[in-house]
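Close look at the chain arrangement
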Amino acid sequence: MTACTYLATISVALATAGLTIVFDDAKIERIRVLSVNDPIMRYLPGPPLVPPTVIISMALGSLYCSFVCFAQSVRLYVHTGFYIRACTSRFNPGTLRVAEAKKVAIHAGVAFSVGLRLFYLFIPLVMWSVGVTALVIASIIMTALIAYMDHFDTTSDPDSDSEEEEETREALTGQQQQQQHSVSANGPVIELTANSSTAGTAA
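The present account deals with the structure reproduced in this document. Source: prediction; values computed, not measured.

Here the focus is the packing of helix 4 (residues 98–129) against helix 5 (residues 132–151). Between helix 4 and helix 5, whose axes approach to 7 Å, the crossing angle comes to 155°. When the interaxial angle is binned, helix 4 and helix 5 end up roughly antiparallel. Crossing geometry of helix 4 relative to helix 5 is assigned as right-handed. Where helix 4 abuts helix 5, its residues Tyr120, Ile123, Pro124, Met127 and Trp128 lie against Val132, Ala134, Leu135, Ala138, Ser139, Met142 and Ile146. For the contact of helix 4 with helix 5, the class distribution of residues is eleven nonpolar, one polar and no charged.

Our next topic: helix 5. Over its 20 residues, helix 5 extends 28 Å from the first C-alpha to the last, a length consistent with the 28 Å expected when each residue adds 1.5 Å. Among all positions of helix 5, only Thr133, Ala134, Ala138 and Met142 are buried. An end-on view of helix 5 places all buried positions within 145° of arc, on one side of the element. Along helix 5, the residues that are exposed and aim more than 90 degrees away from the buried face are Ile140, Thr143, Asp150 and His151.

Considered as a void within the structure, the largest pocket measures approximately 160 Å³ in volume. Lining the largest pocket are 13 residues, and of these Gly18, Ile21, Ile56, Phe122 and Val126 lie nearest its centre. Taken together, the elements giving at least two residues each to the lining of the largest pocket come down to helix 1 (2–22), helix 3 (52–87) and helix 4. Taken together, the residues of the lining of the largest pocket sort by class into eleven nonpolar, two polar and no charged.

Attention now moves to a nonpolar patch on the surface. The grouping of Ile137, Ile141, Leu145, Tyr148, Met149 and Phe152 at the surface amounts to a nonpolar patch, some 660 Å² of accessible area in total. Among the secondary structure elements, Ile137 is positioned in helix 5. On the accessibility criterion, Ile137 (46% relative accessible area) is partly exposed.

One full turn of an α-helix is made of 3.6 residues, so residues set three or four places apart face in the same direction. Look at helix 2 (residues 25–36): 16 Å from first C-alpha to last across twelve residues, which is about the 16 Å you get at 1.5 Å a residue. Regarding helix 2, the residues found buried are Ile28, Ile31 and Ser35. Within helix 2, the buried residues cover an arc of 65° as seen down the axis, which keeps them to one side. Buried residues in helix 2 make contact with helix 1, helix 3 and helix 4.

Residue placement: Thr80 occurs in helix 3. With residues near it in sequence (within four places) discarded, Thr80 still touches Ala101, Val104 and Ala105.

Moving on, we get to the nonpolar core. Of all hydrophobic cores here, the largest spans nine residues; its members are Leu7, Ala8, Ala15, Ala59, Leu63, Phe70, Phe119, Phe122 and Leu125. Discounting residues that sit within four places of it in the chain, Phe70 has contacts with Cys4, Leu7, Ala8, Ser11, Phe112, Gly115, Leu116 and Phe119.

Summarising the element assignment, Val130 is placed in the loop between helix 4 and helix 5. Remark: the alpha-carbon pair of Val130 and Arg30, spanning 100 residues in sequence, is separated by 9.1 Å. Residues contacting Val130, with those up to four places away along its chain left out, are Leu34, Ser35 and Asp38.

Each value, and the rule that gives it
Residues numbered from 1 in each chain as written. Predicted model: local features only at pLDDT ≥ 70, side-chain atom pairs only at ≥ 80, totals over all residues. Heavy atoms only, no water. Axes fitted to C-alpha atoms, helices over the stretch in contact; angles between N-to-C directions. Helix = DSSP H or I, 4+ residues; strand = E, 2+ residues; numbered from the N terminus. Parallel < 35°, antiparallel > 145°, perpendicular 65-115°, else oblique. Left-handed = near helix turned anticlockwise from the far one by under 90°. Contact = heavy atoms within 4.5 Å. Nonpolar A, V, L, I, M, F, W, Y, C, P; charged D, E, K, R; others polar. Expected span 1.5 Å × (residues − 1). Buried < 20%, exposed > 50% of the residue type's maximum accessible area, 1.4 Å probe, protein only. Arc of directions from axis to C-beta. 1 Å grid on protein atoms, 1.4 Å probe; cavity = no way out; pocket = protein on both sides within 12 Å on 5 of 7 lines; lining within 4 Å. Points joined across faces, edges and corners; volume = space filled by probe spheres on them. Patch = residues over 30% accessible without salt bridge, like charges linked within 9 Å, V, L, I, M, F, W, Y side chains within 5 Å. Areas by Shrake-Rupley, 256 points an atom, 1.4 Å probe, with all protein chains shown as cover. Salt bridge = Lys/Arg side-chain N within 4 Å of Asp/Glu carboxyl O. Core = buried A, V, L, I, M, F, W, Y, C linked by side-chain atoms within 4.5 Å.

Rendered as structure tokens:
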């Protein structure tokens, strides 16, 4: 929930700062000149198909939408905590069930996922405002970085993992052997105690 709060704050701060660009004619003209001099669009006739103002407005819209999703996620996570405490309370009359808490938690996760994707969308849209070349380069770099962070684990070593598993297996085997020895050692004592009590009763 803390991550959602931070991301929501960053989103609304960036969107508010971006509004100053939309209403500043000098900055819009500078962005338009950059988009016209784009290496891909330079030799095409006519102005760009999508004006920079529209592109920047789309980028700000993605930020505001991500803020709404993050805020919704925070709200639902707060409700999840309430549901969990209420469902496990002895004062719960049975109207609140664990299935409802799971449903709220799933909705919170979906809202966070959508908000994060809209937050990622902001960077390619901003790069698109200065040209298609920047859009393509930013999209490739972002896709490669996200794929690397999702699929490659640089903190773990397969050899060390196998050594740790072997040590854990040996420790468990040693504990099982100790338990077997203790059971076999206590067996005659229990039998001797039972025989002594039987003899005392017979006497």
